[in-house]
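Residues per chain, in single letters:
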Amino acid sequence: QVQVVESGGGLVQAGGSLRLSCATSGSIFSINAMDWYRQAPGKQREAVAGITSGGTTTYADSVKGRFTISTDNAKNTVYLQMTSLKPEDTAVYYCRTQAQTTRWGPSFSYWGQGTQVTVSS
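Here goes a summary of the coordinates provided. Nothing here was measured: the structure is a model prediction, and the numbers come from that model.

Turning our attention to the state of the cysteines. Taken as a whole and assessed by the stated rule, the structure comprises one disulfide. The disulfide partner of Cys 22 is Cys 95, and the S-S distance across this bridge is 2.1 Å. Between Cys 22 and Cys 95 the disulfide shows an S-S torsion of about -80°. By sign, it is left-handed. Of this pair, Cys 22 sits in strand 3 (residues 18-26) while Cys 95 is found in strand 9 (residues 91-100), placing the two residues 73 residues apart along the sequence. What makes Cys 22 buried here is its relative accessible area of 0%.

Structure follows, in structure tokens:
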């Protein structure tokens, strides 16, 4: 089994910062990529940032220059440093890990339970 657990959400004023963490554990052979998504009330889940095992990063246009994704590969942990937060960043943030549980098996997506980020104006 693979477990994905996010932490670090909370309430912050506009212009403030938060750092989210996401740790993946369990029967993992390799992690191919880790991503952050978010879902605001009444909206679809959207991709926020991603990082591959090779270190390639991608960001949604709405967060470029404000959010930074990084990893601690030894800990199978991905971080999302969020700065200059805006009320429209309010959402539940989800972590997705794309991992293989065996050397020759396929890569599957594993999701965390989400962490709430609320930005007050």
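Here the focus is the nonpolar core. Judged by nonpolar contacts, the single largest core of 28 residues is most densely connected at Trp 36, Val 48, Phe 67, Val 78, Leu 80, Met 82 and Tyr 93. The set of elements that each furnish at least two residues to this core consists of strand 1 (2-7), strand 3, strand 4 (30-39), strand 5 (46-52), strand 7 (67-72), strand 8 (77-82), strand 9 and strand 11 (115-120). For this core, the element with the highest residue contribution is strand 9, accounting for four residues. With sequence-adjacent residues up to four places away left out, Phe 67 is seen in contact with Arg 38, Val 48, Tyr 59, Leu 80, Gln 81, Met 82, Thr 83, Leu 85, Asp 89 and Tyr 93.

Tallied over the entire structure, the rule returns one aromatic pair. Directly above the aromatic system of Tyr 79 lies the positively charged group of Arg 19, at a separation of 4.2 Å from the ring centroid.

Glancing now at the side chain of Asp 89. Along the chain, Asp 89 turns up in the loop between strand 8 and strand 9. By relative accessible area, which is 1% here, Asp 89 ends up buried. Every residue in contact with Asp 89, bar those within four places of it in the chain, is listed here: Arg 38, Arg 66, Phe 67, Ser 84, Val 117 and Val 119.

Glycine aside, residues mostly have negative phi angles, and peptide bonds mostly take the trans form. One non-glycine residue, Asn 76, lies in the positive phi region at around 50°. Position of Asn 76 among the secondary structure elements: in the loop between strand 7 and strand 8. Asn 76 sits in the partly exposed class, given a relative accessible area of 26%. Backbone geometry places Ser 84, a non-glycine residue, at a positive phi of 45°.

A large share of strand 4 lies buried, amounting to seven of its ten residues. Inspection of the sheet shows strand 4 paired to strand 5 by six bridges, in the antiparallel sense. Bridge pairing in strand 5 places Asp 35 opposite Gly 50. Between strand 4 and strand 5, which pair antiparallel in sequence order, lie six residues; one of them, Gly 42, sits at a positive phi of approximately 75°.

One open sheet accounts for four strands, arranged 1-3-8-7; its pairing is antiparallel. Looking at which strands have only one partner, the edges of the open sheet turn out to be strand 1 and strand 7. Taken over all neighbouring pairs, the strand axes of this sheet differ in orientation by 15° on average, direction set aside. The pairing of strand 3 with strand 8 spans six bridges and is classified as antiparallel. Counterpart to Cys 22 in the pairing with strand 8 is Val 78.

About the criteria used
Residues numbered from 1 in each chain as written. Predicted model: local features only at pLDDT ≥ 70, side-chain atom pairs only at ≥ 80, totals over all residues. Heavy atoms only, no water. Disulfide = S-S within 2.5 Å. Helix = DSSP H or I, 4+ residues; strand = E, 2+ residues; numbered from the N terminus. Buried < 20%, exposed > 50% of the residue type's maximum accessible area, 1.4 Å probe, protein only. Core = buried A, V, L, I, M, F, W, Y, C linked by side-chain atoms within 4.5 Å. Contact = heavy atoms within 4.5 Å. Phe/Tyr/Trp six-rings, centres within 6.5 Å; stacked < 30°, edge-to-face > 60°. Lys NZ or Arg CZ within 6 Å of the ring centre and 35° of its normal. Pairing = 2+ DSSP bridges. Axes fitted to C-alpha atoms, helices over the stretch in contact; angles between N-to-C directions.

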